[in-house]
Amino acid sequence: MEGAGYRVVFEKGGVYLHTSAKKHQDPDSLIAGVIRVVEKDNDVLLHWAPVEEAGDSTQIFFSKKDTSGGDSCTSEEEPTFDPGYEPDWAVISTVRPRHRHSEPTRGAEPSSPRGSWAFSVSLGELKSIRRSKPGLSWAYLVLVTQAGGSLPALHFHRGGTRALLRVLSRYLLLASSPQDSRLYLVFPHDSSALSNSFHHLQLFDQDSSNVVSRFFQDPYSTTFSSFSRVTNFFRGALQPHQEGASPDLPPAPDDEPEPGFEVISCVELGPRPAVERAPPVTEEEWARRMGPEGRLQQVPELKARIFSGGLSPSLRREAWKFLLGYLSWEGSAEEHKAHVRKKTDEYFRMKLQWKSVSPEQERRNSLLHGYRSLIERDVSRTDRNNKFYEGPENPGLGLLNDILLTYCMYHFDLGYVQGMSDLLSPILYVTQNEVDAFWCFCGFMELVHGNFEESQETMKRQLGQLLLLLRVLDPPLCDFLDSQDSGSLCFCFRWLLIWFKREFPFPDVLRLWEVLWTGLPGPNLHLLVACAILDMERDTLMLSGFGSNEILKHINELTMKLSVEDVLTRAEALYRQLTACRELPHNVQEILGLAPPAEPQSPSPPASPLPLSPTRAPPAPPPPVDTVPQPDSSLEILPEEEEEEEEECADS
């Protein structure tokens, strides 16, 4: 919105100052306000002003409903969006108010005690920005000026830190350090000035001594020298432009970026290659690869065939045992028989542990009783439309129940968490054997057990990796999602948690999983599957004018409408497109398995997984403060166990 001599380019309500140092803030210590980025008089200002309890009209306005059918929001308390269906842990945002912009003022009237907290600072005066630690109820930003002072911390109760930082990056260069990922150093967006300074620095020009002195006398320089990630814009500022350079000057001695720097965005990818899927592996092809002692031969080639075509249904019962690590690819037929006998005995000994518990004992064992109750409830509604599990007295349900209870004996730390029955059901359907299904399920859980840990660190890491891949593959889509408060990709949470079990028809899930279990073409193919789905839907999302509610609704309505072959084809094409890029950032290479993980700066012993109590739901995506989770009938989040979390998953 433009006014006389100013233009508001960003505005976000629900940004609070906490005036008390107490852990639990009382209402009087919270000052609600609005943060704005304003272009005014050839300068760009960051302006925060409080919203007075009486509704000071100079601070913020809420639009009334117009005849054109726009959103109606007359207060900050609005009814939640009702999609009219059960969307499986969907995070449904409330309808958010739209602000009418007014020219920013220096604060409320002097007579207002809260008005004294207002501030306005030129972006050129900023020196650094620090983000909050993960796991807080809401994110905050701390701004440090060139003079060394800190402005009041801005607490974003309704999210928006990422959106604000993205707007600031239009005017500033923000570089973050791996040693302190929460710290951003701020540099002016005058790339020519920076380029010239560093050009002279690289040429060892005598005039650069003052630049070097100032740069390394600054206490922030130690952090700056170890940055491992900068944007292409910052990289361009650090390197001299060869085109148009003075012919009198010698070329720079080193055109490579400073060691340790890495590009994290604006990567130029080549054309996406065409990919064709192969037919499934048949029993005859499998038999041709079997050696005289029953040993499989040419295993890498066999895995590649499974990756490119999957398995014929009649072969899955045997092949899944190898894919899930129950049987060794190198073992002979006799070795496999001995292994199965050993594992059968081991399984029934674990099963006897809970079978032998009397009802009286169980009354004094709340953990086992809780697991049993939760498993019985989940099993009773798992894949009941599948003929293998339909009917009131179906024996398959009893096997699901027994296997999951036995897994609690096998993995005491993790136990049972809602969602595990979804992972076991297809395995039991294919193997149709209690012991085989159990050990294959254990192999699957070795891959995904971190998804169910209460700390949620594995899920947060995967969402972050997914965001990084999408940022490289499709920056405009990321920008669009950010603009609609969907940049954290929380709507992908269920996809990653149970490996798309709810997104595809049952037969397609079998094909998808066996392809993912090959580990080809590298780790984290499931993240590229998610990228492929978003890539298929990008035009619908971006051209339909969807807001955050509509984006979430659309994603949930994709259930059972996706073609697994189309998705796998696109996921492989995305992988090939990324790996063909010579300037692929190192952290993206790590995700794709093309480079070893970087050594941690401060190594610490790995933390043991945090178990979930039997009454706890699986780790759910932290819902925004102003959103309401919508559980479905088979993945229920128990109301009494819900916890308020940070507004944006990726903010942490």
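Computed from a prediction, not measured in an experiment: that's the story for all the values here.

When helices and strands are counted, the protein chain shows 22 helices and 14 strands. A separation of at least 24 residues holds for 70% of the contacts in the protein chain among residues at least 6 apart in sequence. Within the structure as shown, the protein chain displays about 30700 Å² of accessible surface, and the carbon and sulfur contribution to it stands at 51%.

Moving on to the nonpolar core. With 115 residues, the main nonpolar core has Met 420, Phe 452 and Val 529 as its most contacted residues. Three or more residues apiece are contributed to this core by two domains, here domain 2 (313–449) and domain 3 (455–595). One finds Ile 31, Leu 46, Phe 119 and Leu 174 within the second-largest nonpolar core, a separate group that totals 30 residues.

To continue, consider unusual backbone geometry. Cis geometry marks the peptide bond from Leu 520 to Pro 521; its omega dihedral reads -5°. Residue placement: Pro 521 occurs in the loop between helix H18 (506–517) and helix H19 (525–543). Positive phi outside glycine occurs at Gln 298, with the angle close to 50°. Mapping Gln 298 onto the fold places it in the loop between helix H6 (283–288) and helix H7 (299–309).

One pass over the structure, following the stated rule, counts 21 aromatic pairs. Residues Phe 388 and Tyr 429 carry aromatic rings whose centres are separated by 5.8 Å and whose planes lie at 90° to one another, so their mutual orientation is edge-to-face. Taken together, the residues Phe 388 in the loop between helix H11 (366–379) and helix H12 (395–410) and Tyr 429 in helix H13 (residues 420–431) connect sequence positions 41 residues apart. For the ring pair Phe 444 and Trp 517, a centre distance of 5.3 Å and an interplane angle of 80° mean the geometry is edge-to-face. Pair noted here: Phe 444 is in helix H14 (residues 434–448) and Trp 517 is in helix H18, with a separation of 73 residues, a long-range link. The pair formed by Phe 444 and Trp 517 is uniform in burial state, with each residue classed as buried. Taken together through their ring pairs, the aromatic side chains of Tyr 347, Phe 348, Tyr 407, Tyr 410, Phe 438, Trp 439 and Phe 441 make up a single cluster. The positively charged end of Lys 343 is found above the aromatic ring belonging to Trp 439, 4.2 Å away from the centroid.

Next up on the list: the pattern of salt bridges. Taken as a whole, this structure holds 34 salt bridges when the rule is applied. Taking the shortest distance from any N to any O, the salt bridge between Arg 316 and Glu 514 comes out at 2.8 Å. Here Arg 316 is found in helix H8 (residues 313–323), whereas its partner Glu 514 is found in helix H18, with 198 residues between them in sequence. Each member of the pair, Arg 316 as well as Glu 514, is classed as buried.

A separate point is the side chain of Asn 394. Checked against the element boundaries, Asn 394 lands in the loop between H11 and H12. Overall, Asn 394 belongs to the buried group, its relative accessible area being 13%. From its side chain, Asn 394 meets the backbone oxygen of Phe 388 in a polar contact 3.1 Å long. Within polar-contact distance, the side chain of Asn 394 engages the backbone oxygen of Glu 390 at 2.6 Å. Contacts of Asn 394, omitting those with residues within four sequence positions, involve Lys 387, Phe 388 and Tyr 389.

In this model H11 runs 20 Å from its N-terminal to its C-terminal C-alpha over 14 residues, within 8% of the 20 Å that 1.5 Å per residue would give. Of all the positions in H11, only Leu 368, Gly 370, Tyr 371, Arg 372, Leu 374, Ile 375, Asp 378 and Val 379 are classed as buried. Against helix H9 (333–355), helix H10 (359–363), H12 and H13 lie the buried residues of H11.

Below, the discussion takes up the packing of H11 against H12. For any two helices packed against each other, one specifies the inter-axial angle together with the distance between the axes. For the pair H11 and H12, interaxial distance at closest approach is 10 Å and the crossing angle is 150°. Judged by the inter-axis angle, H11 sits roughly antiparallel to H12. Our pair here, H11 against H12, has a crossing hand that is right-handed. Here Leu 368, Tyr 371, Arg 372, Ile 375, Glu 376 and Val 379 of H11 come into contact with H12, specifically with Leu 397, Leu 400, Asn 401, Leu 404, Leu 405, Cys 408 and Met 409.

Let's shift gears to helix H20 (residues 548–556). In terms of burial, H20 is largely enclosed, as seven of its nine residues are buried. For H20, the full list of buried residues reads Ser 548, Asn 549, Ile 551, Leu 552, His 554, Ile 555 and Asn 556.

Next up on the list: the state of the cysteines. Under the criterion given, the structure shown has zero disulfides. Of all cysteine sulfurs, the one in Cys 442 lies closest to Cys 440, which takes part in no disulfide; the gap is 9.2 Å. Here Cys 531 stays unpaired: no disulfide links it, and the sulfur of Cys 492, its closest cysteine neighbor, is 8.4 Å away. With a relative accessible area of 1%, Cys 531 lands in the buried category.

Take the pairing of strand E3 (residues 30–40) next. Across the eleven residues of E3, nine count as buried, placing the element largely inside the fold. Of the pairings in the sheet, the one linking E3 to strand E4 (residues 43–50) comprises eight bridges and is antiparallel in character. Bridge pairing in E4 places Val 38 opposite Leu 45.

A separate point is the confidence of the model for the protein chain. Taken over all residues, the pLDDT of the protein chain has a mean of 76, while the share at 70 or more is 67%. Under a pLDDT of 50 for its full length, residues 190–265 has, in the predicted model, 108 contacts with residues more than four places off or in other chains. Contacts from residues 622–652, a stretch scored under 50 in pLDDT, to residues over four places away or in other chains number 107 contacts.

Conventions we followed
- Residues numbered from 1 in each chain as written.
- Predicted model: local features only at pLDDT ≥ 70, side-chain atom pairs only at ≥ 80, totals over all residues.
- Heavy atoms only, no water.
- Helix = DSSP H or I, 4+ residues; strand = E, 2+ residues; numbered from the N terminus.
- Contact = heavy atoms within 4.5 Å.
- Areas by Shrake-Rupley, 256 points an atom, 1.4 Å probe, with all protein chains shown as cover.
- Core = buried A, V, L, I, M, F, W, Y, C linked by side-chain atoms within 4.5 Å.
- Buried < 20%, exposed > 50% of the residue type's maximum accessible area, 1.4 Å probe, protein only.
- Domains from an automatic or database assignment.
- Phe/Tyr/Trp six-rings, centres within 6.5 Å; stacked < 30°, edge-to-face > 60°.
- Lys NZ or Arg CZ within 6 Å of the ring centre and 35° of its normal.
- Salt bridge = Lys/Arg side-chain N within 4 Å of Asp/Glu carboxyl O.
- Polar contact = N/O pair within 3.5 Å; in protein donor to acceptor, adjacent residues only side chain to side chain.
- Expected span 1.5 Å × (residues − 1).
- Axes fitted to C-alpha atoms, helices over the stretch in contact; angles between N-to-C directions.
- Parallel < 35°, antiparallel > 145°, perpendicular 65-115°, else oblique.
- Left-handed = near helix turned anticlockwise from the far one by under 90°.
- Disulfide = S-S within 2.5 Å.
- Pairing = 2+ DSSP bridges.
- pLDDT = per-residue confidence, 0-100.

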